[in-house]
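Here is what each chain is made of, one letter per residue.
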Amino acid sequence: MDHFTYKNGELYAEDVPLSRIADEVGTPVYVYSRATLERHARVFREGLAPVAQATRREPLVAFAVKSNPNLAVLRVLSRAGCGADVVSGGELVRAMTAGVPADKIVFSGVGKTRAELQLGLDRQIGQFNIESSEEGRELAELAASQGRVAQATLRINPDVDAKTHEKISTGRAENKFGIPLVRAREVFGELAALEGLNLRGVAVHIGSQLLDLEPLETAFAKVGQLVADLRADGHTITHVDLGGGLGVTYKDGEVPPTPAEYGAMVARATVGWDVHLTFEPGRVIAGNAGVLLTRVVRVKRGGNGPPFVIVDAAMNDLARPAMYGAWHDFDAVMPTGERMVANIVGPICETGDTFATDREVDALQSGELAVFRTAGAYGATMASSYNSRGFVPEVLVDGEQFAVVADRIPADAIMDAERVPDFLLDD
Ligand SMILES: *Cc1c(COP(=O)(O)O)cnc(C)c1O
């Protein structure tokens, strides 16, 4: 459930008509709803109530910053009790700038540089999720040389097919992430012996936009077996990080598991583990909390197929359709009730700049406003300046008020960072 609803025939974000945001900020623009973010964070936490009860510990919900790293969004979620799962030094600094306490920060990622490991140590973050024996040794050596101890888990690759888009599947043997399960005990034993590292558990994350709990449950069962094996090897296991991945509805008929169903499954899968659990949800918190608001540039007719509705948003602003073939619902801000079949495209000079093909949508004319729904996760953060288009701004709505929480970065500001070197100047 979200707070983007029609009132008197016009689409609102909470109590703000989207047309007002378009008038004041311009289009395209991402619009987020604070109430929706807070609601999703609350519902996710409530879904985990059986887990909290069974383990007698409140789990850490570390929002996956990569899904929406906007400072204001992170601030909302931090105030709602979330920690942060970060995958780069840049995200780490963002999370802390937004007010996430260091001890609620988890650092994931297969390619943390030495400088990023050092940053995590300097900021005294809560947990490093180590993805290779090489990374673990480097972190241990850094920490030990400074008289510090890094809190860490070992990320394993359970070789489970998450049954999602191949570009966002992360838990199969051929993916780059984690340590193969068959090597996990050996690597754990090697790293646990190192000074500078408190290797205290295991982490897993098998992929994103999961619509089925079964692959997760299979992966968690493997984690449970590994925890038992590691304990049998004499290790003290106090923490397990179960990652993110819960899907959202992009399209009618797609029914992801609810947080309550997810929580019940986790409670079942983790019986007797006796550990602190961490979760890393991204999309399920932020996805439906944002839309991309756009204006129709013109409607081009007269080709072979349906008309092209050309909007002022493009694949550089919202990459998911071009990148993953993803579906985003497309709705008029002021629908007339009439419908049309159209191709929805952006202005970029590439056929991949297509949001929808041969789709029945609200009838639209040049100058009218529309939204791409479910654009709050993996939206603005994946933007580029391709075709010398600027970076799209972001707005956060809170009841009747809204604020620009990321400025539009115009194309000429990007150009300002470039220069023609002396040796190319005419003499
Ligand atoms: C991307 C990612 C997540 C978040 O995935 P969602 O599908 O957005 O919940 C969590 N953990 C790790 C390690 C990730 O890479």
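Residues numbered from 1 in each chain as written. Predicted model: local features only at pLDDT ≥ 70, side-chain atom pairs only at ≥ 80, totals over all residues. Heavy atoms only, no water.

Caption draft 1: Local environment of the overall build of the protein. Along its length, the protein carries 13 helices and 21 strands. For 427 residues, the compact-globule formula gives about 22 Å, and the C-alpha radius of gyration of the protein, at 23 Å, lands near that figure. Principal-axis analysis of the C-alpha atoms gives the protein an extent of 70 × 65 × 40 Å. Looking at the 427 residues of the protein, the share that counts as buried comes to 55%. Considering only intrachain contacts with a sequence separation of at least 6, the fraction spanning at least 24 residues in the protein is 70%. Per element, the accessible surface of the protein, about 18400 Å² overall, is 49% carbon and sulfur. Taking the average location of the 42 positive side-chain charges in the protein and that of its 58 negative ones, the two points are 3 Å from each other. (Helix = DSSP H or I, 4+ residues; strand = E, 2+ residues; numbered from the N terminus. Rg over C-alpha atoms; globule rule 2.2 N^0.38 Å. Buried < 20%, exposed > 50% of the residue type's maximum accessible area, 1.4 Å probe, protein only. Contact = heavy atoms within 4.5 Å. Areas by Shrake-Rupley, 256 points an atom, 1.4 Å probe, with all protein chains shown as cover. Lys, Arg positive; Asp, Glu negative; His and termini not counted. Charge placed at Lys NZ, Arg CZ, Asp CG, Glu CD.)

Caption draft 2: Up close: the packing of helix 7 (residues 133-145) against helix 8 (residues 181-192). It is the contact of helix 7 with helix 8, at a shortest axis distance of 10 Å, that shows an interaxial angle of 10 degrees. By the angle between their axes, helix 7 is roughly parallel relative to helix 8. On helix 8, the residues touching Ser133, Gly136 and Arg137 of helix 7 are Val187, Glu190 and Leu191. (Axes fitted to C-alpha atoms, helices over the stretch in contact; angles between N-to-C directions. Parallel < 35°, antiparallel > 145°, perpendicular 65-115°, else oblique.)

Caption draft 3: Fine view of the environment of Ala363. Tracing the sequence through the fold places Ala363 in the loop between strand 18 (354-362) and strand 19 (369-372). For the pair Ala363 and Arg298, spaced 65 residues apart in the sequence, the C-alpha separation amounts to 12 Å.

Caption draft 4: Fine view of the packing of helix 9 (residues 214-232) against helix 10 (residues 259-269). Two elements in contact, helix 9 and helix 10, have axes separated by 10 Å at closest approach and are oriented at 25 degrees. The angle between the axes of helix 9 and helix 10 places the two elements in the roughly parallel class. Crossing angle aside, the handedness with which helix 9 passes helix 10 is right-handed. Within the contact between the two elements, helix 9 uses Leu216, Glu217 and Phe220 and helix 10 uses Tyr262, Met265, Val266, Arg268 and Ala269. Classifying every residue of the contact of helix 9 with helix 10 gives 6 nonpolar, no polar and 2 charged. (Left-handed = near helix turned anticlockwise from the far one by under 90°. Nonpolar A, V, L, I, M, F, W, Y, C, P; charged D, E, K, R; others polar.)

Caption draft 5: Expanded view of the sheet that holds strand 1 (residues 4-7). Spatially, 1-2-3 is the arrangement adopted by the 3 strands of the open sheet, whose pairing is antiparallel. Every other strand in the sheet has two partners, leaving strand 1 and strand 3 (16-17) as the edge strands with one partner each. (Pairing = 2+ DSSP bridges.)

Caption draft 6: The UniProt feature "modified residue: N6-(pyridoxal phosphate)lysine" (unreviewed entry) in the protein, seen in detail. The UniProt record annotates "modified residue: N6-(pyridoxal phosphate)lysine" (unreviewed entry) at Lys66. Along the chain, Lys66 turns up in the loop between strand 5 (60-64) and helix 4 (71-79). (UniProt positions renumbered as here; feature names shortened; annotations may be inferred.)

Caption draft 7: Highlighting the UniProt feature "binding site: pyridoxal 5'-phosphate" (unreviewed entry) in the protein. Here, UniProt's "binding site: pyridoxal 5'-phosphate" (unreviewed entry) annotation points to Gly245, Glu280, Pro281, Gly282, Arg283 and Tyr378. For Glu280, the position within the fold is in the loop between strand 13 (276-279) and helix 11 (283-286). With residues near it in sequence (within four places) discarded, Glu280 still touches Ala62, Ala64, Asp85, Val106, Ser108, Asn129, His205, Asp241, Gly243 and Gly244. There is a polar contact of 3.3 Å between the side chain of Glu280 and the side chain of Asn129. Note on placement: Gly282 falls in the loop between strand 13 and helix 11. In this structure Gly282 touches Phe63, Ala64 and Ser67, once residues within four positions along its chain are discounted. (Polar contact = N/O pair within 3.5 Å; in protein donor to acceptor, adjacent residues only side chain to side chain.)

Caption draft 8: Spatial organisation of the domain arrangement of the protein. Looking at the protein, the domain boundaries give domain 1 (4-32 + 287-415) and domain 2 (34-282). Here the C-alpha centre of domain 2 lies 32 Å away from the C-alpha centre of domain 1. On the domain 2 side, the residues contacting the 21 residues of domain 1 number 21 residues. A buried area of about 2000 Å², summed over both sides, lies between domain 1 and domain 2, and 56% of it is on carbon and sulfur atoms. Among the residues of domain 1 in contact with domain 2, Tyr324, Trp327 and Tyr378 are the three that bury the most area, contributing 28% of the side total. For the interface between domain 1 and domain 2, the tally reads 1 salt bridge. Counting every contact that joins domain 1 to domain 2 gives 9 residue pairs in polar contact (both at pLDDT 80 or more). For the side of domain 1 that touches domain 2, the elements supplying multiple residues, two or more each, are helix 12 (320-324), strand 20 (394-398) and strand 21 (401-406). Among the elements that make up the side of domain 1 that touches domain 2, the one with the highest residue count is strand 20 (4 residues). Along the lines of polarity and charge, the residues of the side of domain 1 that touches domain 2 split into 11 nonpolar, 5 polar and 5 charged. (Domains from an automatic or database assignment. Buried area = accessible area lost by both parts, 1.4 Å probe. Salt bridge = Lys/Arg side-chain N within 4 Å of Asp/Glu carboxyl O.)

Caption draft 9: The arrangement of the pattern of salt bridges in detail. By the definition in use, this model includes 25 salt bridges. A salt bridge links Arg42 to Glu46, with the nearest nitrogen and oxygen atoms 3.7 Å apart. With a gap of 4 residues between them, Arg42 and Glu46 both fall in helix 2 (residues 34-47), about one helical turn apart. If you follow the salt bridges from partner to partner, you end up with Arg34, Glu38 and Asp398 in one network.

Caption draft 10: Just the pairing of strand 8 (residues 127-130), in detail. Side chains Gln127 and Asn129 project from strand 8 onto one buried face, and the interleaved Phe128 and Ile130 project onto a second face that is buried too. Where strand 7 (residues 105-107) and strand 8 come together, 2 bridges link them in parallel fashion. Across the sheet, Val106 pairs through a bridge with Gln127, a residue of strand 8. Following the chain from strand 7 across helix 6 (residues 114-122) to the adjacent parallel strand 8, one finds a crossover that is right-handed. Across 3 bridges, the pairing between strand 8 and strand 9 (residues 150-157) is parallel. Each residue of the ladder has a partner; that of Ile130, found in strand 9, is Leu154. Between the parallel elements strand 8 and strand 9, the chain passes through helix 7 in a crossover that is right-handed. (Right-handed = clockwise from strand over helix to strand, strands pointing away.)

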